[in-house]
Amino acid sequence: MKQKVVIKLSVHDEKSRSKAMKTAVGVDGVDSASLPMDKDQIEVTGNDVDVVLLTTLLRKTVKLSEVVSVSAVKEEEKKEEPKASGPVIVAWPENYAWPQNCYPVASYQCPPPFPYECSEPSCSIM
């Protein structure tokens with residue numbers, strides 16, 4: 001069940017705000033958290049958020065946290081587009097043949113002969 005939790009905090013500076021945000025986002029089930037600048041309340045939205053654990057962790061980091069409200073969030077129903085009727089069949093045509101020059105084929109050429117060939121057949125290399 002998706003729920004929205006509002007917790008009142010005692011945050012006075014930017015450092016304590018960032019600590020509160022890191023703590024809130026680290027709890028399992030939290031999808032989003034917001035901490036407006038003009039209010040000292042954090043709004044947490046998520047699936048099956050453990051409110052007691054969240055409040056306890058926030059008390060450890062910012063020293064004062066108090067649950068203001070817990071409410072269920074109504075999810076918007078998404079309208080699905082109608083799908084095309086009938087199954088879509090994907091198959092290769094029966095008369096399909098791979099192109100002949102599908103892959104480049106490198107022709108092998110023999111390396112040039114050794115530049116210092118002996119003209120005498122009886123020549124040997126030690």
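How each quantity is defined
Residues numbered from 1 in each chain as written. Predicted model: local features only at pLDDT ≥ 70, side-chain atom pairs only at ≥ 80, totals over all residues. Heavy atoms only, no water. Helix = DSSP H or I, 4+ residues; strand = E, 2+ residues; numbered from the N terminus. Contact = heavy atoms within 4.5 Å. Core = buried A, V, L, I, M, F, W, Y, C linked by side-chain atoms within 4.5 Å. Buried < 20%, exposed > 50% of the residue type's maximum accessible area, 1.4 Å probe, protein only. Expected span 1.5 Å × (residues − 1). Arc of directions from axis to C-beta.

Draft legend 1. Local environment of the side chain of Thr23. Among the structural elements, Thr23 can be located in helix α1 (residues 14-25). Those residues within four positions of Thr23 in sequence are excluded, and the remaining contacts are Leu57, Leu58 and Thr61.

Draft legend 2. Fine view of the nonpolar core. Counting 16 residues, the largest nonpolar core has Ile7, Leu9, Ile42, Val44, Leu54 and Leu58 as the members making the most contacts within it. At the level of secondary structure, the elements contributing two or more residues to this core comprise β1 (2-9), α1, β3 (41-47) and α2 (51-62). For this core, the element with the most residues is α2, which contributes four residues. Ile7 has contacts with Asp40, Gln41, Ile42, Leu54, Thr55, Leu58, Ser65, Glu66, Val67 and Val68, leaving out every residue within four places of it along the chain.

Draft legend 3. Region of the structure containing α2. The end-to-end C-alpha distance of α2, which contains twelve residues, comes to 16 Å, matching closely the 16 Å that a straight helix rising 1.5 Å per residue would cover. Buried within α2 are the following residues: Val51, Leu54, Thr55, Leu58 and Val62. Mapping the buried residues of α2 onto a view down its axis gives an arc of 95°, with all of them on the same face. Across from the buried face of α2, at angles greater than 90 degrees, the exposed residues are Val52 and Lys60. On its buried side, α2 packs onto β1, α1, β3 and β4 (65-72).

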